[in-house]
Amino acid sequence: MKVLVTGAGGLIGSATVDAVLAAGHEPVAMLRPRGDDRALGASPAQQVRADLADPDSLRAAVAGAEVVLHCAAVFSYERDAASLHRANADGTRALIDAAAAAGVRRVVVTSSSVTCGSSDGPEARDESGELAEGPDYFHSKLAQERAAREAATRTGVELVLACPTVAVGGPDHKLVPSNAILVRYLLDPSRTTFAGGANVVGVRDVAAGLVLLAERAEPNRRYLLGGENWSWRLLHTAVSELAGLPGPFLTAGTTAAYLAAGLAEAVAALTSKTPLATRSEALTTGRFHWYDDRRARALGYTSRPVRQALAESLAWLSTSEHLPRYVREGLRLAPEVVAARRLVPVALP
C-alpha cells in the first residue's frame, strides 16, 4: 500500500514514515517546499515537496497514494488563533479535497487528545468527550476535526481521526511543546511540579498506531492513541530518577505557573528565542488530561511503559542542543537511558 505521510519532517511525521516502512508499506514523505528533512535521516522513503496552501503542489503529492496519514500541523502555544486555524483547519480541508480528487481511499488525520476535553479530577475521558475551554492551539485542533469531517462528507473520502496524547521522543530538530515539558523541568533549579496530570505516550507508539488506523479503523470515528495516565508529580519524579537529579521539590499552582510562563515569554522576546513555557499553556496546569484509549486497543494498538518512553526522550535530549552544555554535564543518566540510546538516534546531524 502506498501511503503519503504529511509533516514528514516533524516529530510524529518522521516516526510515522519509519512505522509505514516497518509495516511493509510504501511511504511517501511529504515535506514543506523549504522544510527541514534531517528527521528522515537516511530513510529510503520517497520525498515530495508540497504546501498545504498550494492546491497544485498538493495534487501532485497525493497522486498515486491509496492512504494519506496527515501529520502536518502547527503545534504551538504562542501562535495567534488565525494562523493556527489556517494551518490546522484550512490546510486539512485542502488536503482532503486534493486526496479525493486523486482517488485516495482513506485519510487519517492526526488531531489531538485535547479535543476530548479535560477533567477537574483524576478521571479518564474517552472519544465522546468534547473540548470546552483551552488555548487557541486546542481550539485549532477542534476546528481541524470539524473541517476534516465536512470535507470527508462532501467528497466521500473515508476519514479517521487519530487523537494522540502527550507524545514524547525523538530526535527532533525543533523542540515541540511535549518534549519541552522535559527540558523545562531539567532547566528548573527548583524542580517544580504541578497539580493535575496528563496521559503520556512514546512517539514511536503513536506512529505505529497511525498505521494501524490506516489498516483497520472504522471510518468516521475518533481514536485516542495514548500511553499511561500519570500525575505531573509522578512524571517529574521519573524524569529526576532517569536523569540522576534530585526532585521534584515544589508544587506550583496555576497562578504561579502563569507568572513563571510570563517571565519565560519575556526572556524569549529579549533573546529572540521560542519560549519554553507560555501563559496559555500554563493555564492548563491543575487539570487532568487523562484518557481511555480502549477503542484503539481493541484494534490491536499497544504502547510501551511511559518510563521507557521518557528514557528514550532523555537519551537524545541529553546529547542535543536543546539542553545547554552545563545541564548535560550535570546529568547522571540511569542505565535505562543509556540502553535507550541503542533504540533511537542520539542526535540529528
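Residues numbered from 1 in each chain as written. Predicted model: local features only at pLDDT ≥ 70, side-chain atom pairs only at ≥ 80, totals over all residues. Heavy atoms only, no water.

K.L.:
Summarise the environment of P248; cite the residues concerned and give the values.
P.N.:
Note on placement: P248 falls in the loop between α7 (232-243) and β12 (250-252). A C-alpha to C-alpha distance of 39 Å links P248 and S43, two positions 205 residues apart in sequence. Excluding residues that lie within four positions of it along the chain, P248 makes contacts with Y185, R191, T193, R233, H236, T237 and S240. (Helix = DSSP H or I, 4+ residues; strand = E, 2+ residues; numbered from the N terminus. Contact = heavy atoms within 4.5 Å.)

K.L.:
Could you give an account of the pattern of salt bridges, with specific residues and numbers?
P.N.:
With the rule as written, the count across this model stands at 22 salt bridges. Its salt-bridge partner being D97, residue R154 comes within 3.0 Å of it at the nearest N-O pair. Of this pair, R154 sits in helix α4 (residues 136-155) while D97 sits in helix α3 (residues 81-101), and the two are 57 residues apart along the sequence. Exposure remark for D97: the relative accessible area of 29% places this residue in the partly exposed category. Two residues, R307 and E336, come together in a salt bridge whose shortest N-O distance is 2.8 Å. In this pair, R307 is assigned in helix α11 (residues 306-317) and E336 in helix α13 (residues 335-340), connecting sequence segments 29 residues apart. (Salt bridge = Lys/Arg side-chain N within 4 Å of Asp/Glu carboxyl O. Buried < 20%, exposed > 50% of the residue type's maximum accessible area, 1.4 Å probe, protein only.)

K.L.:
Just give me the short version of α3, but keep the residues and values in it.
P.N.:
Taking 1.5 Å of rise per residue, the 21 residues of α3 would be expected to cover 30 Å, and the 29 Å separating its terminal C-alpha atoms lies within 8% of that figure. Most pronounced at G91, the bend in α3 amounts to some 30 degrees. For α3, the set of buried residues is S83, L84, N88, A89, G91, T92, L95, I96, A98 and A99. Where α3 is buried, its residues touch β1 (2-6), α2 (55-62), β4 (67-70), β5 (106-110), α4 and β6 (158-164). At the N-terminal boundary of α3, the capping side chain belongs to D80, with an oxygen 3.2 Å from the backbone nitrogen of A82. G103 sits one or two residues past α3 and shows a positive phi near 80 degrees. (Expected span 1.5 Å × (residues − 1). Bend = angle between axes of the 7 residues up to and from the residue. Polar contact = N/O pair within 3.5 Å; in protein donor to acceptor, adjacent residues only side chain to side chain.)

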